[in-house]
Amino acid sequence: MNKLYLKTWLAFFILCTISCKNKTEQKVTKEAKAPNVVLIFTDDQGYQDLGIFGADDIATPNLDQMAADGLKLTSYYAAQAVCSASRAGILTGCYPNRIGIHNALGPDNTHGLNTSETTIAEMLQAKGYKTAIFGKWHLGHHDQFLPTRHGFDEWFGIPYSNDMWPYHPQQGSIFNFPDLPLYENETIIDTLTDQTQLTTQITERSVAFINKNKDKPFFLYVPHPQPHVPLFVSNKFKGKSKRGLYGDVIMEIDWSVGEILTALKENNLEENTIVIFTSDNGPWLAYGNHSGSAYPLREGKGTAWEGGQREPFIIKYPKQLAAGSVLNLPVMAIDLLPTLAEVTEAELPLKTIDGKSVWKLMTGESKESPQEAYFFYYRVNELFGVRYGDWKLYFPHRYRTMNGQEPGRDGQPGDYKMVDLEEIELYNVVTDISETKNVAAENPEVVQKIKLLANTMRTRLGDSLLELKGSETRPAGTIK
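These numbers come from a predicted model, not from an experiment.

Caption draft 1: Structural context of the pattern of salt bridges. Within the structure shown, the criterion is met by 25 salt bridges. With a shortest N-O distance of 2.9 Å, D280 and R87 are connected by a salt bridge. Of the two residues, D280 is situated in the loop between strand 9 (273-279) and helix 7 (306-309) and R87 in helix 3 (residues 83-92); the sequence distance between them amounts to 193 residues. Of the residues examined, D280 reaches a relative accessible area of 0% and is grouped as buried. Classification of R87 by relative accessible area gives buried; the value is 0%. Connected through salt bridges with shared partners, the residues D43, R87, K136 and D280 form a single ionic network.

Caption draft 2: Geometry of the sheet that holds strand 15 (residues 391-394). As summarised here, the arrangement of the 4 strands in space is 13-14-15-18, forming an open sheet in which the pairing is antiparallel. The open sheet is flanked by strand 13 (374-378) and strand 18 (425-428), the only strands paired with a single partner. Across this sheet, the average inter-strand angle for adjacent strands is 20°, counted without regard to direction. Relative to strand 15, strand 14 (residues 382-388) runs antiparallel, the two being bridged by 4 bridges. Counterpart to G385 in the pairing with strand 15 is Y394.

Caption draft 3: Molecular detail of the state of the cysteines. On inspection of all chains with the given rule, the structure shows 0 disulfides. Unpaired in this structure, C83 has its nearest cysteine sulfur neighbour in C94, at a distance of 19 Å. The buried category is assigned to C94, whose relative accessible area is 1%.

Caption draft 4: Representation of the nonpolar core within the structure. Within the largest apolar cluster, 86 residues are counted, with the highest numbers of intra-cluster contacts made by L73, F219, I315, M362, F375 and L426. Top contributing element to this core by residue count: helix 10 (residues 444-461), with 7 residues. Discounting chain neighbours no more than four positions away, the residues touching I315 are M66, G70, L71, L73, I274, V275, I276, L321, W359 and M362. Judged by nonpolar contacts, the second largest core, of 53 residues, contains A132, I210, V229 and I253.

Caption draft 5: Quick peek at the packing of aromatic side chains. In total, this model carries 23 aromatic pairs according to the counting rule given. Plain terms: the ring middles of Y76 and F313 are 4.5 Å apart, the flat faces sit at 40° to each other, and that makes the pair tilted. Here the residue Y76 occupies a position in strand 2 (residues 71-77), and F313 occupies one in strand 10 (residues 310-316), the gap between them amounting to 237 residues. As far as the burial class goes, Y76 and F313 line up, both buried. Every member of this aromatic cluster is reached through a ring pair, and the members are F41, W137, F152, F219 and Y221. Across the ring face of W255, the terminal group of K236 is positioned such that the distance to the ring centre comes to 4.6 Å.

Caption draft 6: Structural context of the pairing of strand 4 (residues 130-136). Among the 7 residues in strand 4, 6 count as buried, and that is most of the element. Sheet topology places strand 4 next to strand 8 (residues 218-223); 4 bridges connect them, and they run parallel. Directly across from A132, in strand 8, lies its bridge partner L220. Across 5 bridges, strand 4 lies against strand 5 (residues 154-158) in parallel orientation. Residue pairing in the sheet places A132 in a bridge with E154 of strand 5.

About the thresholds
Residues numbered from 1 in each chain as written. Predicted model: local features only at pLDDT ≥ 70, side-chain atom pairs only at ≥ 80, totals over all residues. Heavy atoms only, no water. Salt bridge = Lys/Arg side-chain N within 4 Å of Asp/Glu carboxyl O. Helix = DSSP H or I, 4+ residues; strand = E, 2+ residues; numbered from the N terminus. Buried < 20%, exposed > 50% of the residue type's maximum accessible area, 1.4 Å probe, protein only. Pairing = 2+ DSSP bridges. Axes fitted to C-alpha atoms, helices over the stretch in contact; angles between N-to-C directions. Disulfide = S-S within 2.5 Å. Core = buried A, V, L, I, M, F, W, Y, C linked by side-chain atoms within 4.5 Å. Contact = heavy atoms within 4.5 Å. Phe/Tyr/Trp six-rings, centres within 6.5 Å; stacked < 30°, edge-to-face > 60°. Lys NZ or Arg CZ within 6 Å of the ring centre and 35° of its normal.

Structure representation (structure tokens):
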């Protein structure tokens, strides 16, 4: 009897031990499968400035290979056509005007991204991710707005655009900028007088961060200050491209991407890391040979036309994204946060966001966008246009253009002229990617549908041109 009892107890103990071990192994395996996320974000880069997007005068082998190994989006839009607003959108999943971020913040601004907003970094940090930003922040330079107050464990970089410094070519005429600080977390460690090594330093920090955190999930945000003017490149790429200094800068950024991808591979993280490459808005066309190319798109930075917000976008995640795949349906930066939330099983922010997960579009599980339309705001909450399916409609507004103007050269800008769009215009941006033929008159039902969608959004977020106040907008943070 005692022997039988002992044998029964021993068998029960062994089963419990095996069960507990299996549960522990399953938990460890599940935790190990949490994907790392790397978001590489350039500044003022044009749609055509990569080989995979049509450039034949700039060598971008690493990004071309990344597209061959992953997914290329051909109709991806930045959240807005200007620096700070665009960054606010991609990091929070909100239209920038919803959270009170407009235009490009500078050294004189006393506001920034409200600490009550949730960034991608904060969302993933809550899941135990290590987080870092190496590069340009541009969402408020006062202490309470710095990236270390918005979910980032580490920061190395500059607080706003690299032209906001005393060496701006127009300093003293229309600008009067102070010194440009270089930050390490919340400490100013240098005052920049030369930016030629900044891309290299950002890359070295990124690689070191990957090496240091190879055994835990991480979110690495790499917002390069380049190719925003003034252009800077290290000696290793100076004079290497067929498109002058601008091309050299893009080649160095491509090298940087290669270094990051190599670090992931050497640490056996390649299969379990989502790597994304895109830009904040289109090229600053006034700078001529120091600006990028949005060809075949119309216009550039500072406009809602396709060249202002349609950007190159590449995403690689070998576990779930088919190599060499292409997505032609529209996607916007506001969709990135909820998409990453789905993939990483993170909790979405409690506050209203505008983005929706497009992961099923990316994997090919769905052919239908979760967004009915995308809305193109500019200036201070002014609705310029709407993308609806294959269509893009523009409302009457004033915009800048370099058409018929003499562009600048070698770091000096040319003068924009202002143009008034006096009536609604409609384009099929699938068959007419360059927006050359206004087809509003032939498609009154499409125009009417988009106008109804626009009026609904105006009710929610407002439209300063029509003196409407949005009932759902939230204020930016202000210094205390």
